[in-house]
Amino acid sequence: MLWRVSATDAPRGLAVASVVDLAYAAIRERIVAGELARGERLHQEDLAVELGISRTPVREALGRLAAEGLVEMRTNRGARVADLDRSGMRAAYEARLVIEPAAARLAAGRRLEEPLRAMRAALERQRRLSGGVHARFEANRDFHLALVAAAGNQFLEQVARVLWVSRIGEAIYEAQAVTRERMRLDADEHEAILEAVEGGEGRAAETLTRRHLAAAIKRSAL
C-alpha cells in the first residue's frame, strides 16, 4: 500500500510544522494500528518512496519514534518496530505502578469532568464487550489513560501514553488469560476506582489502583 503524508495524518493537537512532523505522524499511526508489526524492519528508502518524501525527514522521524520507544535503532542493522520481551513488559508495569496510583490520587483531588466522562464511557464499553481481544484491550487501555488524564498533569499523561503504545499491547492483555469472569471483575475494579475518584477519595483511589495493577502483574506472571 502506498502512503502519502498529509495534514490528516498528524496526531490531534500536533502543530504540523514540517515534513518531519508529517512523516512521524504517518509512521507512528501505522505502528499503533498494527499495520507495521512488532519486530518488522523499517527501510528508510522504502518508507521515503511510500510517503513521497526524501530519506532525511524519514530518518529524523524514526529517531523521534525511537525516543518514544516505538522504534529500535540498531547499529549497522537499521531500524525496526520495537518488539516486546518479558523484561520490557515487567518494566512497563512497574512504571505503571508508580504513575497510575499517584495519578488516581491527583484525579480524586481535581475531579475534572471530561476525563471522568471518558473513564465512564470506557467502563461502559468494557461491560458491553463479550469477545475479541482487540476490543477488550482498547476499552481497558482507554480507561487507564483517562484515569491518568484526570490527574490534570500533561507530563504524567505523556509518559502513560508512551508506555501504553510502545510497551503494553494486546500480547500482554491476552497473556493474562482474560476470561468472561475476569472481564467482569476488571470492570468491577475499574468502577470502584472511578467511584473513589468521583467521590474525591484520594487515598482509596490510589490504593485501589495499586491493587488492580499488582493483580494484573501477577496474572501475567511477569
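Scroll up to find the structure.
Figured I'd write up the structure that's included with this text.

Calculation rules
- Residues numbered from 1 in each chain as written.
- Predicted model: local features only at pLDDT ≥ 70, side-chain atom pairs only at ≥ 80, totals over all residues.
- Heavy atoms only, no water.
- Pairing = 2+ DSSP bridges.
- Helix = DSSP H or I, 4+ residues; strand = E, 2+ residues; numbered from the N terminus.
- Phe/Tyr/Trp six-rings, centres within 6.5 Å; stacked < 30°, edge-to-face > 60°.
- Buried < 20%, exposed > 50% of the residue type's maximum accessible area, 1.4 Å probe, protein only.
- Lys NZ or Arg CZ within 6 Å of the ring centre and 35° of its normal.
- Contact = heavy atoms within 4.5 Å.
- Salt bridge = Lys/Arg side-chain N within 4 Å of Asp/Glu carboxyl O.
- Axes fitted to C-alpha atoms, helices over the stretch in contact; angles between N-to-C directions.
- Parallel < 35°, antiparallel > 145°, perpendicular 65-115°, else oblique.
- Left-handed = near helix turned anticlockwise from the far one by under 90°.
- Nonpolar A, V, L, I, M, F, W, Y, C, P; charged D, E, K, R; others polar.

Adjacent strands of a sheet pair through backbone hydrogen bonds, lying either parallel or antiparallel. Read from one edge of the open sheet, three strands run β1-β3-β2, paired in antiparallel fashion. At either end of the open sheet lies a strand with only one pairing partner, and these are β1 (41-42) and β2 (71-74). Both β2 and strand β3 (residues 78-81) contribute to a ladder of four bridges, which runs antiparallel. In the strand pairing of β3, M73 is matched with A79.

Once that is clear, we can look at the packing of aromatic side chains. Tallied over the entire structure, the rule returns one aromatic pair. Relative to W164, the ring of F137 has its centre 5.9 Å away and its plane inclined at 45 degrees; by these criteria the two rings are tilted. Of this pair, F137 sits in helix α6 (residues 133-149) while W164 sits in helix α7 (residues 154-166); the two residues are 27 residues apart in sequence, bridging distant segments of the chain. The class of W164 is buried, set by a relative accessible area of 3%. Just above the ring of Y24 sits the side chain of R64; from NZ or CZ to the centre is 4.2 Å. Note that R96 overlies the ring of Y93, its terminal NZ or CZ placed 4.9 Å from the centroid.

Moving on, we get to the side chain of E206. Tracing the backbone shows E206 in helix α10 (residues 202-220). The exposure class assigned to E206 is buried, which follows from its relative accessible area of 16%. With residues near it in sequence (within four places) discarded, E206 still touches P101, A104 and R105.

Right, let's get into the pattern of salt bridges. Tallied over the full model, the rule gives 17 salt bridges. Notably, a salt bridge pairs E35 with R30, separated by 4.0 Å at the nearest N-O pair. Given a relative accessible area of 48%, E35 falls into the partly exposed group. Classification of R30 by relative accessible area gives buried; the value is 12%. A salt bridge links R141 to E138; the shortest N-O distance between them is 4.0 Å. Note that R141 and E138 are positioned in helix α6 at a spacing of three residues, about one turn of the helix. In the salt-bridge network here, residues are joined through shared partners; they are R120, R127, R184, D188, E191 and E198.

Turning our attention to the packing of helix α5 (residues 113-128) against helix α9 (residues 180-198). Between α5 and α9, the shortest axis-to-axis distance is 10 Å and the interhelical angle comes to 160 degrees. By the criterion of interaxial angle, the relationship of α5 to α9 is roughly antiparallel. Pair α5 / α9 crosses with left-handed handedness. Seen from α5, the contacting residues are L116, M119, R120, L123, Q126 and R127; seen from α9, they are M183, R184, D186, A187, D188, H190, E191, L194, V197 and E198. A breakdown of the residues in the contact of α5 with α9 according to their chemical character gives seven nonpolar, two polar and seven charged.

Where burial is concerned, the two faces of β3 differ: the one with A79 and V81 is buried and the one with G78 and R80 is not. Of the pairings in the sheet, the one linking β1 to β3 comprises two bridges and is antiparallel in character. Within β3, the position partnered with R41 by the bridge is R80. Once β2 ends, the chain turns through three residues before running back antiparallel as β3, passing N76 with a positive phi of about 60 degrees.

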